[in-house]
Amino acid sequence: MHFRHFFMLMIFVGAALFAGDTVRPGLERMSWEYRISDPDEEALVMALKDPLLAEMDVKDALQDWFSGRILDTQNKQQAAREKWQEGLRKLDSLSKLPPFRYSAPPKAEFTVLEELKLRNFPDVKLEVVAWQVANLRQYGLLLAPRQKIPGHKYRLVLYGHGAAFGIPNSFCSWLAEHFVQKGYVVIAPALRGEPLFQMQIPINGKELVSDGEIENLAGEIDDCLAMLDAAWKLPFVKAGEFAMIGHSFGAGVGLLTVARAGSAAKIAVSYDAWLVNPQRYYWDRMRRGANNWLSWEDFCNQPVADQLRGLQQRSLLHNVDKLEARLLLFMGGAYDGSVFHQSHADLIKKLQESGKKFHYELVPNGDHNFVLRDGAPARHALKIQQKFFAEYYPPE
């Protein structure tokens, strides 16, 4: 299988293209291009890399790149080249973009919809819950010990699932075994625009889908912050603190939630997190790299200034200063060299510069989804994860 196609197939589980997504004019063919054919376009794209990743205000030069793309698709190659040359001249004396300002974390309360039976785990209570984020109704799961110690406050774990197709049904047993049976309470949001489960189960006769649209690490953070607030109001949950564990899309969401939550987040375990440095993913699509952001053409279909602010909003690097949790970052070693690994290298550098506490583990022979299967890579990581929880966030 061609290397590029391998990544496209693999990442489809992490960031899908959905019905209703648009494509910015000029980008229609880029998903199928393997390289930049025009030297003037290539010169502008390569020159944009460093200032874009450094969060400089490159909107004028970037607008010229988009304008050149439209001209190129209209077979106006000379006009396109002139526009790209013009953009190259606009990369002098750039200013830094101002920091992104987030709104206050939302508040919420749970409504329990139904209890589900979890095979082989009669001691674990699994409930479907709903809560409100602004005007959007969200759905998720609450897993807790069935027989609770009277008056005891259980420590909380937030789980962020991979892909954007709902919570993996089979992973509920993994959460029950490795967390609830050890003395934690787990919450798992489906996240906006997603079905509750990857393989849907009717709840009170209806298949549930969270309100809203998939926002690729924007509104999803509010979904998690609101779910945390609702969970902290439960009488058996220790309020004001949590741990996070997530995979791919959910790890990206979870890490940003950890940053936004500040001191409330105690530890975070991330498996192959997606989009930790969205500026790098964005630029990688510009240069015709592997398609690891399938809805990028839709994201680009907004004013350039809004794109740059949207990248900041979704960037963990932009929020490293807010991180107070200790991090355990896993990455599969079988596809080392991808934009996932490059973005993690960017993150590690920023964490080191900021004096943050973390451990990065490149898992031998692990592919992007190794955590979802019982194989040697998953068992290797699980031992490290268990030790990490036992040392820094043990059940009480």
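Scroll up for the structure.
The shown structure was predicted, so the numbers you read here are calculated from the model rather than taken from an experiment. (Residues numbered from 1 in each chain as written. Predicted model: local features only at pLDDT ≥ 70, side-chain atom pairs only at ≥ 80, totals over all residues. Heavy atoms only, no water.)

Asks: Tell me about the overall build of the protein chain, and please be specific about residues and values.
Replies: The helix and strand inventory of the protein chain stands at 12 helices and 9 strands. For the protein chain, the spread of C-alpha atoms along the principal axes amounts to about 75 × 45 × 45 Å. When burial is assessed residue by residue, the protein chain has 57% of its 396 residues classed as buried. Counted over contacts in the protein chain with a minimum sequence separation of 6, partners at least 24 positions apart contribute 74%. A total of about 16,500 Å² of accessible surface is found on the protein chain, and carbon and sulfur atoms cover 51% of it. With 46 positive and 47 negative side-chain charges, the protein chain shows a separation of 4 Å between the mean positions of the two kinds. (Helix = DSSP H or I, 4+ residues; strand = E, 2+ residues; numbered from the N terminus. Buried < 20%, exposed > 50% of the residue type's maximum accessible area, 1.4 Å probe, protein only. Contact = heavy atoms within 4.5 Å. Areas by Shrake-Rupley, 256 points an atom, 1.4 Å probe, with all protein chains shown as cover. Lys, Arg positive; Asp, Glu negative; His and termini not counted. Charge placed at Lys NZ, Arg CZ, Asp CG, Glu CD.)

Asks: Account for the packing of helix α2 (residues 39–53) against helix α3 (residues 59–73), naming residues and giving values.
Replies: The N-to-C vectors of α2 and α3 enclose an angle of 150°; their axes lie 11 Å apart at closest approach. The angle between α2 and α3 falls in the class roughly antiparallel. Pair α2 / α3 crosses with left-handed handedness. On the side of α2, the interface is formed by E41, L44, V45 and L48, while α3 contributes A61, L62, W65 and R69. (Axes fitted to C-alpha atoms, helices over the stretch in contact; angles between N-to-C directions. Parallel < 35°, antiparallel > 145°, perpendicular 65-115°, else oblique. Left-handed = near helix turned anticlockwise from the far one by under 90°.)

Asks: Explain the nonpolar core to me, and be specific about the residues and the numbers.
Replies: In terms of nonpolar packing, the biggest core is built from 86 residues, with W65, F242 and Y282 touching the most fellow members. With residues near it in sequence (within four places) discarded, W65 still touches L27, M30, E41, L44, V45, W84, M286, R288 and W296. Counting 44 residues, the second-largest nonpolar core is a separate cluster that includes L143, F197, A378 and Y393. (Core = buried A, V, L, I, M, F, W, Y, C linked by side-chain atoms within 4.5 Å.)

Asks: I'd like to hear about the state of the cysteines, residue by residue, with values.
Replies: Evaluation of the coordinates by the stated rule reveals 0 disulfides. Cysteine C172 is unpaired, with the sulfur of C224 as its nearest cysteine sulfur at 16 Å. With relative accessibility at 3%, the residue C224 sits in the buried group. (Disulfide = S-S within 2.5 Å.)

Asks: Please provide a residue-by-residue account of empty space enclosed by the protein, values included.
Replies: Within this structure, the stated rule accounts for 2 cavities of 30 Å³ or more. The space that makes up the largest cavity amounts to roughly 40 Å³. Around the largest cavity, the lining residues are Y159, F171, W174, I245, G246, H247, Y271 and V371. Listed by contribution, the elements that provide at least two residues to the lining of the largest cavity are α5 (171–178) and β6 (242–247). With 3 residues, the single largest contributor to the lining of the largest cavity is β6. Class assignment for the residues of the lining of the largest cavity results in 6 nonpolar, 2 polar and no charged. (1 Å grid on protein atoms, 1.4 Å probe; cavity = no way out; pocket = protein on both sides within 12 Å on 5 of 7 lines; lining within 4 Å. Points joined across faces, edges and corners; volume = space filled by probe spheres on them. Nonpolar A, V, L, I, M, F, W, Y, C, P; charged D, E, K, R; others polar.)

Asks: Talk me through the pattern of salt bridges; I want residue IDs and the actual numbers.
Replies: Pairs can form between side chains of opposite charge once their charged atoms are near each other. Enumeration over the complete set of coordinates arrives at 27 salt bridges. As a salt-bridge pair, E41 and R288 come within 3.0 Å of each other at their nearest N and O atoms. One end of the pair, E41, is in helix α2; the other, R288, is in the loop between α8 (278–286) and α9 (296–299), and 247 residues separate them in sequence. The exposure class of R288 is buried, given its relative accessible area of 4%. A cluster of three or more residues bridged by salt bridges with shared partners is formed by R29, E33, E41, R69, D72 and R288. (Salt bridge = Lys/Arg side-chain N within 4 Å of Asp/Glu carboxyl O.)

Asks: How would you explain the environment of P105 if you had to name every residue and give the values?
Replies: Locating P105 in the fold gives a position in the loop between α4 (77–88) and β1 (111–116). Here P105 falls in the partly exposed class, since its relative accessible area comes to 44%. With 119 residues separating them in the primary sequence, P105 and C224 have C-alpha atoms 9.5 Å apart.

Asks: Can you break down the side chain of H368 residue by residue, with the values?
Replies: Inspection of the secondary structure puts H368 in the loop between β9 (358–363) and α12 (376–392). A distance of 2.9 Å separates polar atoms of two side chains, one belonging to H368 and the other to Y335. (Polar contact = N/O pair within 3.5 Å; in protein donor to acceptor, adjacent residues only side chain to side chain.)

Asks: Which residues make up the packing of aromatic side chains, and what are the values?
Replies: Under the defined criterion, the tally for this structure stands at 24 aromatic pairs. Plain terms: the ring middles of Y335 and F340 are 5.9 Å apart, the flat faces sit at 75° to each other, and that makes the pair edge-to-face. We classify Y335 as buried; its relative accessible area is 2%. On the basis of relative accessibility, which here comes to 0%, the residue F340 falls in the buried class. Seen from their ring centres, F389 and Y393 are 6.4 Å apart, and the 75° between their planes marks the pair as edge-to-face. Here the two residues F389 and Y393 agree in accessibility, since each one is buried. Three or more aromatic residues joined by ring pairs make a cluster, and in this case those are W65, F66, F249, W274, Y281, Y282, W293, W296, F299, Y335 and F340. When the ring centre of F66 is taken as reference, the NZ or CZ atom of R24 above it lies at 4.0 Å. (Phe/Tyr/Trp six-rings, centres within 6.5 Å; stacked < 30°, edge-to-face > 60°. Lys NZ or Arg CZ within 6 Å of the ring centre and 35° of its normal.)

Asks: Tell me about the sheet that holds strand β5 (residues 184–189), and please be specific about residues and values.
Replies: Spatial strand order, β1-β2-β3-β5-β4-β6-β7-β8-β9: 9 strands in an open sheet with mixed pairing. What marks the edges here is a single partner per strand, and that holds for β1 and β9. On average, each strand axis in the sheet is tilted by 20° relative to the strand beside it, whichever way the strands run. Bridge count between strand β7 (residues 265–271) and strand β8 (residues 326–332): 5 bridges; the pairing is parallel. Across the sheet, the residue bridging to Y271 is F330, located in β8. Docked against the sheet, α5 engages β2 (124–133), β3 (136–145), β4 (155–160), β5 and β6, running at close to 45° with respect to β3. (Pairing = 2+ DSSP bridges.)

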